[in-house]
Amino acid sequence: MNTIQKSTAEQASNEELAAIAKALAHPARIQIVRLLLSRSSCIGGEITHELALAQSTVSEHLRILKTAGIVVGEIEHPRICYSLSIQSLQSLIQFLSAIGQQYQSENLTDGLCCPLQKSAEQFGSCS
């Protein structure tokens, strides 16, 4: 893969990750995902009851999750059954796993990009 192809693929991946993260970026949507994780499928009315939100609010949150591909809904008259699309979350899972592996391999416990001792040795003390 040449540099231009890699850049285009990486940009598409970045946009996909950002769209998924944006769709998850609300406490009610996280709660919906947690609820769906605890069940193999879920009826829309149950989601509304569990979240204690208005049906229209839950519908909007589900619409956002469905647009991002995180949730799928199948109509089973007169209800809609919702479930997670784990496949659509694979890029986010891989991205977060890479961050976790890097963090563990660098043994960074102070939250900085460089351990404090290493920084002090390289750059002298800050006092």
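Description of the structure in this document. (Residues numbered from 1 in each chain as written. Predicted model: local features only at pLDDT ≥ 70, side-chain atom pairs only at ≥ 80, totals over all residues. Heavy atoms only, no water.)

## Examining the overall build of the protein
So, point 1. A count of helices and strands for the protein gives six helices and three strands.
So, point 2. N-terminal to C-terminal, the α/β element order of the protein is α-α-β-α-α-β-β-α-α.
So, point 3. Within the protein, contacts between residues separated by at least 24 positions form 48% of all contacts whose residues are at least 6 apart in sequence.
So, point 4. Counting only carbon and sulfur atoms, one obtains 56% of the accessible surface of the protein, whose full area is about 9100 Å². (Helix = DSSP H or I, 4+ residues; strand = E, 2+ residues; numbered from the N terminus. Contact = heavy atoms within 4.5 Å. Areas by Shrake-Rupley, 256 points an atom, 1.4 Å probe, with all protein chains shown as cover.)

## Regarding the pairing of strand β2 (residues 71–76)
So, point 1. Sheet topology note: the β2/strand β3 (residues 79–84) ladder contains six bridges and is antiparallel. Counted as the bridge partner of Ile-75 is Ile-80 from β3.
So, point 2. Counted along the chain from β2 to the antiparallel partner β3, the turn is two residues long. (Pairing = 2+ DSSP bridges.)

## Points about the pairing of β3
So, point 1. In this sheet, β3 lies alongside strand β1 (residues 42–43) in antiparallel orientation, the contact comprising two bridges. Following the sheet pairing, Cys-42 is matched in β3 by Tyr-82.

## Points about the side chain of Ser-88
So, point 1. Within the secondary structure, Ser-88 sits in the loop between β3 and α5 (90–106).
So, point 2. For Ser-88, the side chain forms a polar contact with the main-chain oxygen of Gly-69, separated by 2.6 Å.
So, point 3. Polar contacts involving the side chain of Ser-88 include one to the main-chain carbonyl oxygen of Ser-85, which spans 2.7 Å.
So, point 4. Excluding residues within four positions of it along the chain, Ser-88 makes contact with Glu-16, Ile-20, Gly-69 and Ile-70. (Polar contact = N/O pair within 3.5 Å; in protein donor to acceptor, adjacent residues only side chain to side chain.)

## Regarding the packing of helix α2 (residues 27–37) against helix α4 (residues 55–67)
So, point 1. Two elements in contact, α2 and α4, have axes whose closest approach is 10 Å; the angle formed by their N-to-C orientations is 75°. Considered as vectors, α2 and α4 are oriented roughly perpendicular to each other. Here Ala-28, Arg-29, Ile-32 and Val-33 of α2 come into contact with α4, specifically with His-61, Leu-62, Ile-64 and Leu-65.
So, point 2. Residues that form the contact of α2 with α4 fall into these classes: six nonpolar, one polar and one charged. (Axes fitted to C-alpha atoms, helices over the stretch in contact; angles between N-to-C directions. Parallel < 35°, antiparallel > 145°, perpendicular 65-115°, else oblique. Nonpolar A, V, L, I, M, F, W, Y, C, P; charged D, E, K, R; others polar.)

## Considerations on the environment of Leu-89
So, point 1. Tracing the backbone shows Leu-89 in the loop between β3 and α5.
So, point 2. Residue Leu-89 is classed as buried on the basis of its relative accessible area of 11%.
So, point 3. Along the primary structure Leu-89 and Ala-68 are separated by 21 residues, whereas in three dimensions their C-alpha atoms are 9.6 Å apart.
So, point 4. The contacts of Leu-89, once residues within four sequence positions are left out, are Ile-20 and Ile-70. (Buried < 20%, exposed > 50% of the residue type's maximum accessible area, 1.4 Å probe, protein only.)

## Quick look at the environment of Glu-46
So, point 1. Here Glu-46 is to be found in helix α3 (residues 44–51).
So, point 2. Accessibility expressed as a relative area gives 36% for Glu-46, which makes it partly exposed.
So, point 3. The spatial distance from the C-alpha of Glu-46 to the C-alpha of Leu-35 is 9.7 Å, given a sequence separation of eleven residues.
So, point 4. Polar side-chain contacts of Glu-46 include one of 2.7 Å to the side chain of Arg-39.

## Some details on the packing of α3 against α4
So, point 1. Taken N-terminus to C-terminus, the directions of α3 and α4 make an angle of 110°; their axes are 9 Å apart at the nearest point. Between α3 and α4, the interaxial angle falls into the category roughly perpendicular. Between α3 and α4 lies a crossing whose hand is right-handed. Taken together, the residues of α4 that come into contact with α3 (itself represented by Ile-47, Thr-48 and Leu-51) are Gln-55, Val-58 and Leu-62.
So, point 2. Of the residues assigned to the contact of α3 with α4, the class counts are four nonpolar, two polar and no charged. (Left-handed = near helix turned anticlockwise from the far one by under 90°.)

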